[in-house]
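Summary of the model geometry
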Amino acid sequence: MAFNMSEAELKDSTRAFLDSGPKQLFINNGWVAPQSGEYFASLNPASGKPLAEIALANEADVDAAVAAARAAFKGHWSQKFLAGDRAALLFKLADLIDAHADTLAELETLDNGKPYRVSRKGDLPYVTKHLRYQAGWADKIEGSTVPVTFPNQFVYTRREPLGVVAAIIPWNFPLLMAIWKLGPALTAGNTLILKPAEQTPLSALYLADLVAEAGFPPGVVNILTGPGLPTGAALAAHMDIDKLAFTGSTAVGAKIMEAAARSNLKRVSLELGGKSPNVIFADADIPAAVRGAQWAVFSTAGQECVAGSRIFVERAIYNEALDALKGHVEKMQVNHGFAEKVHVGPIITEAQMKRIQGYVTDGQKAGAEIISGGAAIKDLGDGYFFEPTIFAYQDDSLPLVQEEIFGPVAAVTAFDDWDELIQRANSTMYGLAAGVWTRDIAKGHNYAHQVQAGTVWINGYGMIDPAAPFGGYKMSGFGREMGKESIELYTQVKTVWVNTYQDTSKPE
Ligand code: ADP
């Protein structure tokens, strides 16, 4: 498998997909033109050039997709496809994704920018691991029997699907996020409308044909492309969608919750932003901790919700750790995703580049010190590249420290004692993830229990697994994806009471 290639060496299947004309909407297992006739371009962030024309779904298209998903839910999908049948389809889909992994990874790198090695060896294998893990749950979704205090009553619960699920996902792990939602939604017996991010729709659109090939009945999976307005907002406000599963920014998550409340009280699960603290104690394996801290924030150019973007170092080793971090970071190669040497790919859009630059400029003005990086890279063509940037700071109230930048920017600070550390680590509105590096395992557990975060890594960072629940505390959202919890997120409980009393006395 070659990881250094030029775009001229793309697989024929990738080229054919890109060259096959404007991409339409996927409804009822078929491709349909958007009712408005409008299209938008998906750009390659490494070059700023358009990759494909993409259909823009409006309210009428959302209505059509919801009608398809509702009909599938009421019809074939819930009547004829029992748990084992659903699992078989999901396993088939996983096999097809594996068979098309090179093309899907190429599309991911073109559309999102991430290094091809990461798309192919990271995202793609994890996509199918996740799908297979979820499929395994299909025939294990059990209810319970309930010992009530009434006599002669047999009471049991069933876990039933919710109905039509809409999933709105971001651009940083396009296919993976699609599967995080598709897997449990279909495993549990729901039907799905997926809206990929407008910046990265290609892998989801390629997936659509694999869904049809796997044999899912029409309407079970529908894919609508378009921006937040009108497409995402129309899904959030729709009266006949039963659940909305969202991954993205906290600001949009709040809007979705509001739209859900104002429409039909559809269930909402939100996996939102983060500003995760990564702590290095003086007793840690310092080289490993520094490496861990480096990758926790700079892999994916900081464009991931669990990025360890606040680094707390115990004062006794602060200078040593900061020097080591700077040394490693300055060796990181920023380049386009198919380059021979690339650690950090491009920033997703020009607008996001400007946002990152704004945080850097304001941070400097407010007194934070740049240790490394801090500028856009201009000599890589017309793409959007930014240097991995390290700031040293003391003031926790800086926007640079409080807000999610979603770029290659780390904020490093020294701490002196435990209470200060816990207070400062918990001082943002977020609570998605946290890391801690120490050889004192009791201290590691203690920190894990006191930090307000949905996931904590002790002596590691960033591992996410289909079996391990994942989600946020505080304004990082609610609902747990992965593990058994993800089935709970896509089902509802029905309690059934059965009167077992029988009058066996003989008639007079
Ligand atoms: P990011 O910072 O990752 O771009 P966003 O929260 O802006 O995160 O976008 C995540 C997803 O939410 C995308 O698919 C986007 O189109 C969608 N989105 C943006 N605004 C809205 C909205 N008002 N209603 C519904 N979905 C939206």
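Basis of the calculations
- Residues numbered from 1 in each chain as written.
- Predicted model: local features only at pLDDT ≥ 70, side-chain atom pairs only at ≥ 80, totals over all residues.
- Heavy atoms only, no water.
- Buried < 20%, exposed > 50% of the residue type's maximum accessible area, 1.4 Å probe, protein only.
- Helix = DSSP H or I, 4+ residues; strand = E, 2+ residues; numbered from the N terminus.
- Pairing = 2+ DSSP bridges.
- Right-handed = clockwise from strand over helix to strand, strands pointing away.
- Core = buried A, V, L, I, M, F, W, Y, C linked by side-chain atoms within 4.5 Å.
- Contact = heavy atoms within 4.5 Å.
- Axes fitted to C-alpha atoms, helices over the stretch in contact; angles between N-to-C directions.
- Parallel < 35°, antiparallel > 145°, perpendicular 65-115°, else oblique.
- Near = heavy atom within 4 Å.
- Polar contact = N/O pair within 3.5 Å; in protein donor to acceptor, adjacent residues only side chain to side chain.
- Phe/Tyr/Trp six-rings, centres within 6.5 Å; stacked < 30°, edge-to-face > 60°.
- Lys NZ or Arg CZ within 6 Å of the ring centre and 35° of its normal.
- Lys, Arg positive; Asp, Glu negative; His and termini not counted.
- Salt bridge = Lys/Arg side-chain N within 4 Å of Asp/Glu carboxyl O.

**Overview of the pairing of strand β7 (residues 164-168)**
For β7, a buried count of five out of five residues is recorded, marking the element as mostly surrounded by other parts of the structure. Of the two faces of β7, the one carrying Val-164, Ala-166 and Ile-168 and the one carrying Val-165 and Ala-167 are both buried. Pairing geometry for β7 and strand β8 (residues 191-195), over five bridges, is parallel. The residue bridging Ala-166 from the neighbouring strand is Ile-193, located in β8. Read as a crossover between parallel neighbours, the route from β7 over helix α6 (residues 174-187) to β8 is right-handed.

**Here we look at the nonpolar core**
Ranked by internal contacts, the top residues of the largest apolar core, which has 129 residues, are Leu-93, Ile-97, Leu-182, Leu-186, Phe-216, Ile-280 and Tyr-447. What Phe-216 contacts, discounting residues up to four positions off in sequence, is Asn-29, Trp-77, Leu-89, Leu-90, Leu-93, Leu-186 and Val-211. With 26 residues, the next largest nonpolar core counts Val-62, Ala-68, Ala-166 and Leu-272 among its residues.

**With respect to the packing of helix α4 (residues 101-112) against α6**
Direction vectors running N to C along α4 and α6 enclose 115°, while the axes themselves pass 9 Å from each other. Looking at the two axes, α4 sits roughly perpendicular to α6. On α6, the residues touching Leu-104, Glu-108 and Asn-112 of α4 are Pro-174, Leu-175 and Leu-176.

**As for the site of the ligand**
Residues in contact with the ligand amount to 19 residues; listed here are only the nearest, Ile-169, Trp-171, Lys-195, Glu-198 and Ser-249. Residue Ile-169 places a main-chain N or O atom 2.7 Å away from an oxygen atom belonging to the ligand. Lys-195 has a polar side-chain atom sitting 2.8 Å from an oxygen atom of the ligand. Looking at the shell around the ligand, the elements with two or more residues in it are α8 (228-237), β10 (243-247) and α9 (250-262).

**Quick notes on helix α14 (residues 418-425)**
Buried residues of α14: Leu-421, Ile-422, Arg-424 and Ala-425, and no others. Where α14 is buried, its residues contact β12 (277-280), β13 (310-314), β18 (409-415) and α15 (441-450). N-cap assignment for α14: the residue whose side-chain oxygen lies 3.1 Å from the backbone N of Asp-419 is Asp-417.

**Side note on the packing of aromatic side chains**
Enumeration over the complete set of coordinates arrives at 13 aromatic pairs. A ring pair is formed by Phe-281 and Phe-415, whose centres lie 5.5 Å apart and whose planes are at 90°; its orientation type is edge-to-face. Taken together, the residues span a long stretch of sequence, with Phe-281 in the loop between β12 and α10 (286-298) and Phe-415 in strand β18 at a distance of 134 residues. For the pair Phe-281 and Phe-415, a shared accessibility class is recorded, and that class is buried. Between Lys-23 and the ring centre of Phe-17, over which it is positioned, the NZ or CZ distance is 4.8 Å. When the ring centre of Phe-281 is taken as origin, the NZ or CZ atom of Lys-443, which lies over that ring, is 4.3 Å away.

**With respect to the sheet that holds strand β6 (residues 153-161)**
With antiparallel pairing, three strands are arranged side by side in an open sheet as β5-β6-β22. The open sheet has two free edges, formed respectively by β5 (145-146) and β22 (491-499), since each of these has just one partner strand. When β5 meets β6, the two strands line up antiparallel, connected through two bridges. Residue Val-146 lies in a different strand from β6, and its bridge partner there is Val-155.

**Looking at the environment of Phe-246**
Along the chain, Phe-246 turns up in strand β10. Residues Phe-246 and Tyr-133, 113 residues apart in the sequence, show an inter-C-alpha distance of 21 Å. Residues in contact with Phe-246, not counting those within four places in the same chain, are Ile-168, Lys-181, Val-252, Gly-253, Ile-256, Ser-269, Leu-270, Glu-271 and Leu-272.

**With respect to the sheet that holds strand β17 (residues 389-392)**
Strand order in the open sheet made by the seven strands is β14-β17-β18-β13-β12-β19-β20, with mixed pairing throughout. With partners counted over all chains shown, the strands left at the sheet margins are β14 (369-372) and β20 (455-458), one partner each. Direction aside, neighbouring strands of the sheet carry axes that sit 25° apart on average. Pairing of β14 with β17, which is carried by three bridges, proceeds in the antiparallel orientation. Across the sheet, residue Ile-370 finds its bridge partner in β17, namely Phe-391. In the packing of α10 onto the sheet, the strands contacted are β12, β13, β17, β18 and β19 (433-437), and the crossing angle to β12 comes to about 170°.

**With respect to the side chain of Arg-86**
Looking at the element boundaries, Arg-86 is found in helix α3 (residues 83-99). Among buried Asp, Glu, Lys and Arg side chains, Arg-86 stands out as unpaired, with Asp-85 the closest opposite charge at 7.4 Å. For Arg-86, the side chain forms a polar contact with the main-chain oxygen of Thr-187, separated by 2.9 Å. Setting aside its immediate chain neighbours within four residues, Arg-86 contacts Trp-77, Phe-81, Ala-138, Leu-186, Thr-187, Ala-188 and Gly-189.

**Re unusual backbone geometry**
Geometrically, the link from Leu-229 to Pro-230 is a cis peptide bond, its omega value of 10° lying close to zero. Positionally, Pro-230 belongs in helix α8. For Thr-300, which is not glycine, the phi dihedral falls at a positive 60°. Positive phi is not limited to glycine here, since Met-482 has a value of about 70°. Inspection of the secondary structure assignment puts Met-482 in the loop between β21 (477-478) and α16 (485-489).

So far we have only geometry, and geometry alone does not tell us how the molecule works.
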